[in-house]
Amino acid sequence: MDTCTSHIKAPIDATTTDAWKKLQKHFDELQSRGIDLRSWFQDDPQRVEKYSYEVNDLHFDLSKNLIDDTTKQLLCELAQELGIEQRRDDMFSGKHLNTTEDRAVLHTALRRPVDEVGSLIVDGQDCVKDVRHELDRMYAFADRVRLGQWKGVTGKRIETVVSIGIGGSDLGPVMVYEALKPYAQKGLSVRYVSNIDPNDIAEKTKDLDPETTLVIIVSKTFTTLETMTNAREARTWLLEGLQKQGAIDTSDAKRAEAIAKHFVAVSTNLELVAQFGINPENAFGFWNWVGGRYSVDAAVGLSLIIAFGPVVFEEFLKGFHDMDTYFCKTPLEDNVVFLMGLCNIWYVNFFGAQSHAVLPYNQYLHRFPAYLQQLTMESNGKSTRWDASPVTTKTGEIFWGEAGTNGQHAFYQLIHQGTNLIPADFIGFVNTKHPTKDDQQDVHELFLGNFLAQTKALAFGKTADEVRAEGTAEWMVPARMFSGNRPTTSIFGVELNAHTLGELIALYEHITFVEGSVWGLDSYDQWGVELGKQLAKQITPAFHDDEALAAQDASTQALIKFYRKHRK
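Residues numbered from 1 in each chain as written. Predicted model: local features only at pLDDT ≥ 70, side-chain atom pairs only at ≥ 80, totals over all residues. Heavy atoms only, no water.

The name given to the protein chain in an unreviewed UniProt entry is Glucose-6-phosphate isomerase, with Fannyhessea vaginae DSM 15829 as the source organism. Turning to the protein chain, the UniProt annotation filed under Catalytic activity (unreviewed entry) states: "alpha-D-glucose 6-phosphate = beta-D-fructose 6-phosphate". (UniProt positions renumbered as here; feature names shortened; annotations may be inferred.)

Draft legend 1. Structural view of the overall build of the protein chain. Per the secondary structure count, the protein chain includes 24 helices and 13 strands. For 568 residues, the compact-globule estimate of 2.2 N^0.38 gives 24 Å, and the protein chain sits close to it at 26 Å. Relative to its 568 residues, the protein chain shows a buried fraction of 53%. In the protein chain, the share of contacts with a sequence separation of at least 24, taken over all contacts with a separation of at least 6, comes to 74%. For the protein chain, the accessible area works out to roughly 25500 Å², and carbon and sulfur atoms hold 52% of it. Of the charged side chains in the protein chain, 57 are positive and 77 negative; the average position of the first set lies 4 Å away from that of the second. (Helix = DSSP H or I, 4+ residues; strand = E, 2+ residues; numbered from the N terminus. Rg over C-alpha atoms; globule rule 2.2 N^0.38 Å. Buried < 20%, exposed > 50% of the residue type's maximum accessible area, 1.4 Å probe, protein only. Contact = heavy atoms within 4.5 Å. Areas by Shrake-Rupley, 256 points an atom, 1.4 Å probe, with all protein chains shown as cover. Lys, Arg positive; Asp, Glu negative; His and termini not counted. Charge placed at Lys NZ, Arg CZ, Asp CG, Glu CD.)

Draft legend 2. Here's a closer look at the pattern of salt bridges. Here the structure, examined in full by the defined rule, presents 25 salt bridges. For Lys382, the salt bridge is made with Asp525, and the minimal N-O distance between the two is 2.8 Å. Of this pair, Lys382 sits in the loop between α15 (368-380) and β11 (398-400) while Asp525 sits in the loop between α21 (498-519) and α22 (530-539), and the two are 143 residues apart along the sequence. On the accessibility criterion, Asp525 (5% relative accessible area) is buried. Look at the salt bridges and you will find they share partners, linking Arg111, Asp297, Asp324 and Glu509 into a network. (Salt bridge = Lys/Arg side-chain N within 4 Å of Asp/Glu carboxyl O.)

Draft legend 3. Examining the packing of aromatic side chains more closely. For the structure on display, the rule yields 32 aromatic pairs. Each ring, one from Tyr361 and one from Phe451, has its centre 5.6 Å from the other, and the planes form 45°; the classification is tilted. Residue Tyr361 is located in the loop between β10 (355-360) and α15, and its partner Phe451 is located in helix α18 (residues 443-460); the two are separated by 90 residues in the primary sequence. For Tyr361, a relative accessible area of 1% gives the class buried. Note on Phe451: relative accessible area 1%, which makes it buried. Three or more aromatic residues joined by ring pairs make a cluster, and in this case those are Tyr361, Trp400, Phe411, Tyr412, Phe426, Phe447, Phe451 and Phe492. (Phe/Tyr/Trp six-rings, centres within 6.5 Å; stacked < 30°, edge-to-face > 60°.)

Draft legend 4. Molecular detail of the UniProt feature "active site" (unreviewed entry) in the protein chain. When the UniProt feature table is mapped onto this chain, "active site" (unreviewed entry) is found at Glu378, His409 and Lys533. A stretch of 156 residues holds the annotated residues, and the largest C-alpha distance among them is 36.7 Å, long enough that they do not meet in one place. In the annotated set above, the residues contributing to the lining of the largest pocket are Glu378 and Lys533. Glu378 gets classed as partly exposed once you look at its relative accessible area, which sits at 21%. Sequence-distant contacts of Glu378, defined by excluding residues within four places in its chain, comprise Arg293, Gln373, Asp525, Gln526 and Val529. In terms of polar contacts, Glu378 uses its side chain to reach the side chain of Arg293, at 2.9 Å. Topologically, His409 is positioned in the loop between α16 (404-408) and α17 (412-417). (1 Å grid on protein atoms, 1.4 Å probe; cavity = no way out; pocket = protein on both sides within 12 Å on 5 of 7 lines; lining within 4 Å. Polar contact = N/O pair within 3.5 Å; in protein donor to acceptor, adjacent residues only side chain to side chain.)

Draft legend 5. Inspection of the domain arrangement of the protein chain at higher detail. Assigned domains of the protein chain: these are domain 1 (14-82 + 330-519), domain 2 (118-311) and domain 3 (527-566). Its C-alpha centre places domain 1 at a distance of 42 Å from the equivalent point of domain 3. (Domains from an automatic or database assignment.)

Draft legend 6. Structural context of the pairing of strand β2 (residues 58-61). Judged from the four bridges that link them, strand β1 (residues 52-55) and β2 form a sheet pairing that is antiparallel. Within β2, the position partnered with Glu54 by the bridge is His59. Where β1 folds back onto β2 in an antiparallel hairpin, the turn is made up of two residues, including Asn56, whose phi is positive at roughly 55°. Relative to strand β13 (residues 488-493), β2 is paired through four bridges, and the arrangement is antiparallel. By the bridge assignment for β13, Asp61 is matched with Ser490. (Pairing = 2+ DSSP bridges.)

Draft legend 7. Broad picture of the pairing of strand β12 (residues 424-429). In terms of residue burial, β12 counts as a mostly covered element, since six of its six residues are buried. Along β12, one buried face is formed by Ala424, Phe426 and Gly428 and the opposite face, lined by Asp425, Ile427 and Phe429, is buried too. Both β10 and β12 contribute to a ladder of four bridges, which runs parallel. Bridging across to β12, Leu359 finds its partner in Phe426. Strand direction decides the pairing type here: β12 and β13, joined by six bridges, are parallel.

Draft legend 8. Representation of the nonpolar core. Judged by nonpolar contacts, the single largest core of 126 residues is most densely connected at Phe368 and Tyr508. Residue assignment places this core across two domains, with domain 1 (14-82 + 330-519) and domain 2 (118-311) each supplying three or more. If you look at the next biggest cluster of nonpolar residues, it comprises 25 residues, including Leu208, Trp237, Leu242 and Ile259. (Core = buried A, V, L, I, M, F, W, Y, C linked by side-chain atoms within 4.5 Å.)

Draft legend 9. Spatial organisation of the state of the cysteines. Scanning all chains against the criterion turns up zero disulfides. Unpaired in terms of disulfides, Cys76 finds its nearest cysteine sulfur in Cys343, a separation of 9.3 Å. Take Cys328: it sits in no disulfide, and the sulfur closest to it among the cysteines is that of Cys127, at 15 Å. (Disulfide = S-S within 2.5 Å.)

Draft legend 10. How the structure looks around unusual backbone geometry. Residues other than glycine seldom take positive phi values, yet Asp102 does so here, at roughly 50°. On the secondary structure map, Asp102 appears in the loop between α5 (84-93) and β3 (121-122).

Draft legend 11. Structural context of the sheet that holds β13. Pairing in this open sheet of six strands is mixed, and the strands run β1-β2-β13-β12-β10-β11 from one edge to the other. Each edge of the open sheet is held by one strand with a lone partner, namely β1 and β11. On average, each strand axis in the sheet is inclined to that of its neighbour by 15°, with strand direction left out of account. As paired elements, β10 and β11 share three bridges and run parallel to each other. Bridging from a neighbouring strand, His356 pairs with Phe399 of β11. Against the sheet, α15 touches β10, β11 and β12, its axis set at about 165° to β11. In the packing of α21 onto the sheet, contacts are made with β1, β2, β10, β11, β12 and β13, and the angle to β12 comes to roughly 170°. (Axes fitted to C-alpha atoms, helices over the stretch in contact; angles between N-to-C directions.)

Have a look at this one:
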């Protein structure tokens with residue numbers, strides 16, 4: 001090992017542990033006997049109780065997973081042999097778990113109460129104190145916007161916030177904004193721009209009044225290609241719009257005043273912020289121990305604080321922290337966060353599952369699966385371990401999903417009767433913001449009936465005899481059978497609000513941690529996104545430069561020639 005990595009302790013190879021070997025033997029025995037959830041439920045009247053867990057206002061039912069008491073015991077033994085509880089504690093204390101960037105992993109500090117016993121000093125920094133200081137600055141700014149005290153260049157109050165970011169600077173805020181829309185201040189809306197495709201920003205701004213628009217540019221370095229390209233487009237749109245309306249003249253002074261009144265930043269590069277025309281006092285930062293996909297509860301969430309206000313955002317943070325506390329203080333064998341992560345290991349590494357569906361039965365959570373795609377796949381889509389050695393197992397899952405009954409009419413066929421095992425998490429809520437009855441029934445209960453029916457059908461299926469009893473022709477019986485034994489976890493909340501949303505996000509953050517720790521991964525870097533960025537900078541000039549074109553591979557050259565031929 002070279003000197004750069006000599007201080008890094010190599011991860012334990014999970015496949016060499018006694019627990020892993022026992023799990024393999026146990027899996028082989030289950031396969032030999034045959035897994036049958038129907039009989040498991042019949043033979044064990046306490047199964048539901050044994051595999052149900054309460055975390056504040058969330059109820060978890062793991063009973064329809066393909067596990068028994070031995071599976072649970074061995075998965076917990078695996079976590080103990082790998083020292084994952086200690087690794088969890090190391091993360092919360094600020095150890096540098098991000099080995100390839102030599103950084104602490106402290107997104108949990110973003111929601112830690114300032115009055116909690118004991119300070120958190122990491123690398124000479126009082127993390128919680130610094131976080132609360134930045135939050136106070138954001139709260140004060142958000143209140144000015146919400147109260148109409150922050151005005152545009154013509155003196156009109158702000159009615160629309162346009163937040164420009166990409167990746168973790170966009171997916172989290174978009175998801176949370178959609179999830180908590182009922183709590184947004186009336187007369188104040190937020191739009192999000194991320195795609196470098198000009199169509200995105202064009203559609204998001206085409207009906208806006210620049211006099212009442214505030215733009216937030218979210219880029220820690222203020223150099224992110226997509227974000228800064230869109231930021232410059234937004235600046236041009238705003239200035240040209242104000243000039244066209246006669247709101248400002250073309251003098252440099254008036255243009256500078258307009259930028260200062262209509263743009264703020266989430267960034268730590270104050271020099272580039274100032275060069276753009278934004279007063280550095282209106283820049284809000286976060287720290288290198290916060291990864292982008294873990295930053296929605298940091299300054300990246302500024303648009304959310306403006307939309308919902310500090311009180312709601314504090315409830316959001318409390319939800320995160322309550323799940324953090326549960327994860328840290330609940331014994332392993334009773335800890336649903338650990339168990340959900342370990343079940344995913346069970347499915348990926350023993351059953352060969354390649355994907356995982358997340359199916360929220362709440363339309364406000366329609367962006368939650370997309371958010372989890374980055375959280376999980378950017379974290380654990382790795383083929384090397386935290387010491388840069390090759391992985392010894394399959395790693396990562398393709399996370400995907402869709403809200404509610406929409407998915408039932410799209411891809412549930414694959415989950416029910418396809419040849420791939422696809423574990424699925426179903427998320428529902430007892431209460432809804434819009435209780436409605438048609439002339440026949442409570443619509444929300446009809447909706448939840450679908451939620452419960454799907455998990456039942458996936459678990460218990462439909463036998464050939466049950467199909468025959470319906471009068472089905474014999475030749476058609478196989479097509480109408482359901483094998484069952486398709487694993488699901490049900491998460492049932494009292495209602496979707498800021499607190500429960502914070503809990504759900506933290507839940508999946510820690511599930512991702514558990515999986516990555518078993519696989520020996522650094523779940524907090526993302527080098528896999530870098531190569532495409534580098535190549536894009538080399539390729540872009542080739543659209544107009546023959547020398548640059550000649551340097552490309554044959555396929556890229558052919559595609560660019562097609563572009564040149566057909567570009568209008």
